[in-house]
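Structural description and commentary
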Amino acid sequence: MENSWKADVVIIGGGIVGAAIARELGKYKLDTVLLERYPDLAMGTTKANSAILHAGFDAPEGSLKALLNVRGNELYRQLKHELGLELDLTGSLVVATNNEEMDVLAELKVRGQKNGVEGLKIIGREEALTREPNLSAEVVGALYAPTGGIMWPFGAALAFAENAVQNGVEVRINCPVTKIEVIEGKVTGVYTPDGFIAAKYIINAAGIEADNVSRLAGDDSFTIKPRKGEYILFDKAVGNLVKTIVFPTPSKVSKGILVAPTVHGNVFIGPNATDSDDKGDLATTGRGLAEIVARAQKLVPNIPLTSSITQFAGLRAAADCGDFVIRASNLTKGLVHAAGIQSPGLTAAPAIGEMVVGILGELGLELKPNTNFNPVNPPKLVFSQLDDEAKMTAIKENPLYGRIICRCETVTEGEIVAAIHSLCGARTVDGVKRRTRAGMGRCQGGFCGPRVTAILARELNIPITAVIKDTADSQLFFNKIPGSCEVTGDA
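Residues numbered from 1 in each chain as written. Predicted model: local features only at pLDDT ≥ 70, side-chain atom pairs only at ≥ 80, totals over all residues. Heavy atoms only, no water.

**Examining the sheet that holds strand β12 (residues 186-192)**
Spelled out, the test is: Whether two strands pair depends on DSSP finding at least two bridges between them. The way it works is that DSSP assigns letters per residue, a run of H or I at least four long becomes a helix, a run of E at least two long becomes a strand, and they are numbered from the N terminus. Orientation is described by lines fitted to C-alpha atoms, with helices fitted over the stretch in contact, and by angles between N-to-C directions that extend from 0 to 180 degrees.
Strand order in this open sheet of four strands is β1-β13-β12-β11, and the pairing throughout is mixed. Of all strands in the sheet, those with a lone pairing partner are β1 (4-6) and β11 (179-183), marking the two edges. Each neighbouring strand pair of the sheet contributes to a mean axis angle of 25°, computed without reference to strand direction.

Structural data, given as structure tokens:
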């Protein structure tokens, strides 16, 4: 067949879970291909979530969520140094404002201890306010979890993918799976716009589309229902509002609307939880944002709403079983599901990778160790974090580091060019933003956006009009004169 090739394993989905699985498979002598339908990695749930490293006290005892949360938390502490992850163990507080909620905190503490969470303790009002002075005066106590933390989800997914590529895994973007071939009840490969990939093992890590991907292989054993969460992000100028993650006492449906810092010095509030049938609904709403504000102010009354710089929404992939769906298909041989990965899926991702590889071994995939496996990613230069001497050295070696493109975040042209030409490099304006933070500051790209666009056109050797913002249909410019000369532009 024309445009066909073979792989041992095909991973469908390039979010945090697919990337973590790819990195784990890089430890073995296998031909592994990761397929992502969008122009960049991690553009689904991974791109828009709470960015929390959960301690693991919330999930029911014995569930996959509980088991893989605690293991994933442990793994991230090692991976932080190997992969250069932006991750801080800030700790977390679940706040109670009455005696009934204090009873719930006691239950969470017992559950967390059964799940294997270390260091949990219930603290009184005085200690809670000492830790977080901006908490509501109505607080009566809190559950403190020292292993809770914050991280950069896109950065983690990219780091997993880059390390996977470094160790022989192939990553293809703009490559949706259009059909899964099944012969006599066994998967034999996938069809994509790039051609047919023959494979005996297919991993379904397709996020909110995982049930649809499963049906392509004849397995309709689960359903994914999107659950939308809306957020408000605040300027770095008010980044000291809270130092730890502040949760309300949770409900049966959600961990609730929280107030938390980010690893980049911002603060956010959210998310709410709205079930939907629309897997493309990422719109924020006036009602939803008002709900977030009202509930967040019950935790931290003096939220500086005038310092909001953006609002956004993300979709959780909620499975109908209420837990992660991580198993070999009962209907189609060779198909392995890593689906229904909602919270705490970000924390669980590296543990999910371990579990999926274990399942592949049980199915008969030969797992010969890759003796050349390198677990460490090379460091990346972040100009704003350098001291003056190191900045001058960087500029001397590459003058592009002497040109600031994003003033809000102090991002240089050198960093943007490096992000474009790195492993799994940026191909869109938002791809540059997620890798370098150019456009994530107070002006949200108003100053640097045109300059980033020009740099992309130059470095990719494409016309300005071919540069897109994020998705394939997010064109920034259009030619108004048919047959007019294209200009590649220069920053």
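That was the structure; now back to the text.
**Here's the deal with the sheet that holds strand β22 (residues 335-339)**
An order of β10-β3-β2-β14-β22-β21 is seen for the six strands of this open sheet, with the pairing classed as mixed. The two strands at the open ends of the sheet, each matched to only one other strand, are β10 (170-172) and β21 (325-328). Within the sheet, the average angular offset between the axes of one strand and its neighbour, ignoring direction, is 15°. As paired elements, strand β2 (residues 9-12) and strand β3 (residues 32-35) share four bridges and run parallel to each other. Across the sheet, Val9 pairs through a bridge with Thr32, a residue of β3.

**Some points on the packing of aromatic side chains**
Rules: Stacked, tilted and edge-to-face pairs are distinguished by plane angle, under 30 degrees for stacked and over 60 for edge-to-face with tilted covering the rest, among Phe, Tyr and Trp rings (Trp via its six-membered ring) whose centres lie within 6.5 Å. Each residue is assigned to one of three classes by its accessible area relative to the maximum for its type, calculated with a 1.4 Å probe on protein chains only: buried under 20%, partly exposed between the two thresholds, exposed over 50%. Should the NZ of a Lys or the CZ of an Arg lie within 6 Å of a ring centre and within 35 degrees of the ring normal, that charge is described as sitting over the ring.
Taken as a whole and judged by the stated rule, the model has five aromatic pairs. Taken together, a centroid distance of 6.4 Å and an interplanar angle of 55° make the contact between Trp152 and Phe154 tilted. Each member of the pair, Trp152 as well as Phe154, carries the same accessibility label: buried. Look at Tyr231 and Phe268: their rings are 5.7 Å apart centre to centre, the planes differ by 65°, and that puts the pair in the edge-to-face class. With Tyr231 in strand β15 (residues 224-234) and Phe268 in strand β18 (residues 267-270), this residue pair connects regions lying 37 residues apart in the sequence. You can call Tyr231 buried: its relative accessible area is 4%. Linked through ring pairs, Tyr231, Phe268 and Phe312 together constitute an aromatic cluster. A cation over an aromatic ring shows up here: Arg131 above the ring of Tyr144, its NZ or CZ 3.9 Å from the ring centre. One cation-aromatic arrangement involves Arg434 over Phe154; the distance from NZ or CZ to the ring centre is 5.3 Å.

**A short note on helix α12 (residues 449-460)**
What counts is decided by this rule: A helix is expected to reach a length of 1.5 Å times the quantity of its residues less one. Two residues qualify as a contact provided that any one of their heavy atoms is within 4.5 Å of a heavy atom in the partner residue.
The terminal C-alpha atoms of α12 lie 16 Å apart, and with 12 residues this matches the ideal 16 Å at 1.5 Å per residue to within 8%. Restricting attention to buried positions, one finds in α12 the residues Gly449, Val452, Thr453, Ala454, Ile455, Leu456 and Ala457. The inward-facing, buried residues of α12 contact β23 (404-406), α10 (413-421) and α11 (429-436). Directly after α12, the chain includes Asn461, whose backbone phi takes a positive value near 55°.

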